[in-house]
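As a plain string of letters, each chain reads:
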Amino acid sequence: MMPSTPEKTHSELIRGRQPGRSMAGELFGRQDVFETDVDVFFNKHWILVGVTADVPEPGDVSTVDLGKASILVVRDDDDNIRAFRNVCRHRGARLKEAGKSTVGMLVCPYHQWTYDFDGSLRHTTHMGPDFNHSCKSLRPVQLRVIGALIFVCLSDEAPQDIAVLEETMSPRFAPYHLQNTKIAHESEIIENGNWKLVIENNRECYHCGGTHPELTASFLPEDFGFCPDGLSEESQRALDDYYSRTAAAVASWEQDGLICDAFEHLSPDVMTNFRTQRLVIAGHGESQTMDTKVACTRLLGDSRRRDLGDTHLWTHNSWTHVMSDHAVVSYIIPLAPDKTLVRTKWLVHADAVEGVDYKLSDLTEVWLATNAQDANLVSISHRGTQDPGYTPGPYSPFTESYIDGFAQWYSARLAAHGI
């Protein structure tokens, strides 16, 4: 019997990656790698777990499960949003199951220990006169609300550079009054692939022209990279038109005080990984819809301009698109080495009325189709990386540079945590 070859460590696998090439298949398929990823990238970094419209009124609760952990996001009686560990301080029972609910107080279903929305323990029975309620408050989770996006960090030592994300995005989101929105629709899809493949797929549009007809109706393809060599006369004219259109749009937006430039916080030495930019929308230039016009006539914020472009943001577990009439917010939760939950929420003005201000199918058709297409792409990619015939292939330097950058950041963050 031939001796088995010892498995490479997580560190050996990631450091063995050649620059400009994809990751080893074991980094997508192994259980030990997955568990380390969850611990480092979802327990010790800031992650997006929802939007303020998930908990629109005092007493609303959104429970988000993440691996072995579970988080309660609540809106308290003073309209503050808070987050706590979903663990009773008695014997550890879950207070709430995953999903949304509205309650008067947080009551443990096991022994009815009762907590206020500030986490304080308000009521117990059979604990005796010497029991100190103040020592058994729910454990808080660090939380930041940026625009309408709810970020949490489960670590007691949360990365401080969340402040960069907040300082960058708050003024970009401000014109849209995103906390004055409601959820018009939400979806969940389980993609049969590793979470890193989901994020890699989102960070390149090399695949878009051949797979996303709905999405590319509103995209200018040049925004996502192109090879400048050997352009035909027609392609060169299209490129010149792209530059002219983008310059005109940016000048018009900046005249109205809108922030347009790209901001990247992606290098290997950063902790909170994100990128943002205001992009021109194709066609009529209004929204990510099939006809590129607004899907909701009740616009976000106070602006009456429909052509505000697409203010996009990505982080290492989310992507967000904000337009004049609606926003699309997606985030991921890793479930297994080969399974990733993708949650997507469509936000409209809080006063918008379905059937009057918007038609739901017009609002959702682009990203419902795109998410389904991406799920298939991630599935075939994951299965291929687990094939014995797979070897890491080259990234396009023109359209996949952000994937290479993600791999560098991933490696650096593992090293920073002793991996």
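Residues numbered from 1 in each chain as written. Predicted model: local features only at pLDDT ≥ 70, side-chain atom pairs only at ≥ 80, totals over all residues. Heavy atoms only, no water.

**Q** So what's going on with the side chain of Ser 330? Which residues, and what values?
**A** Within the fold, Ser 330 resides in strand S16 (residues 327–336). You can call Ser 330 buried: its relative accessible area is 0%. In this structure the side chain of Ser 330 is engaged in a polar contact, spanning 2.8 Å, whose partner is the side chain of Thr 344. (Helix = DSSP H or I, 4+ residues; strand = E, 2+ residues; numbered from the N terminus. Buried < 20%, exposed > 50% of the residue type's maximum accessible area, 1.4 Å probe, protein only. Polar contact = N/O pair within 3.5 Å; in protein donor to acceptor, adjacent residues only side chain to side chain.)

**Q** Explain the sheet that holds strand S5 (residues 99–102) to me, using residue names and the numbers behind them.
**A** Spatially, S4-S3-S2-S5 is the arrangement adopted by the four strands of the open sheet, whose pairing is antiparallel. Taken across any chain shown, the strands that pair with only one partner, and hence form the sheet edges, are strand S4 (81–85) and S5. Strand-to-strand, the axes of this sheet are offset by a mean angle of 20°, without reference to chain direction. When strand S3 (residues 69–75) meets S4, the two strands line up antiparallel, connected through five bridges. Among the inter-strand pairings, Ile 71 is bridged to a residue of S4, identified as Arg 85. (Pairing = 2+ DSSP bridges. Axes fitted to C-alpha atoms, helices over the stretch in contact; angles between N-to-C directions.)

**Q** Provide a residue-level description of helix H4 (residues 162–173), including the pertinent values.
**A** The first and last C-alpha atoms of H4 sit 16 Å apart over 12 residues, in line with the 16 Å expected at 1.5 Å per residue. Within the span of H4, buried status applies to Ile 162, Leu 165, Thr 168, Met 169, Arg 172 and Phe 173. Projection of H4 onto a plane perpendicular to its axis shows the buried side chains occupying an angular sector of 135°, all on one side. Those residues of H4 hidden inside the fold are in contact with strand S9 (142–146), strand S10 (149–153), strand S12 (263–265), strand S13 (274–279), strand S14 (310–315) and strand S15 (318–322). (Expected span 1.5 Å × (residues − 1). Arc of directions from axis to C-beta. Contact = heavy atoms within 4.5 Å.)

**Q** For the state of the cysteines, give the residues involved together with the corresponding values.
**A** Applying the stated criterion to the full structure yields one disulfide. Bridging Cys 205 to Cys 208, the disulfide has an S-S length of 1.9 Å. The chirality of the disulfide connecting Cys 205 with Cys 208 is left-handed, given an S-S dihedral of about -100°. Overall, Cys 205 belongs to the buried group, its relative accessible area being 16%. Unpaired in terms of disulfides, Cys 135 finds its nearest cysteine sulfur in Cys 88, a separation of 15 Å. (Disulfide = S-S within 2.5 Å.)

**Q** Let's hear about the sheet that holds S13: which residues, and what values?
**A** Strand order in the open sheet made by the seven strands is S11-S17-S16-S15-S14-S13-S12, with antiparallel pairing throughout. Strand pairing shows two members of the sheet lacking a second neighbour, strand S11 (181–191) and S12, which therefore form its edges. Across this sheet, the average inter-strand angle for adjacent strands is 15°, counted without regard to direction. Note that S13 and S14 share six bridges and pair antiparallel. Across the sheet, residue Leu 279 finds its bridge partner in S14, namely Asp 310. Taken strand by strand, helix H9 (residues 360–385) contacts S11, S15, S16 and strand S17 (339–349), and its axis lies near 20° from that of S11.

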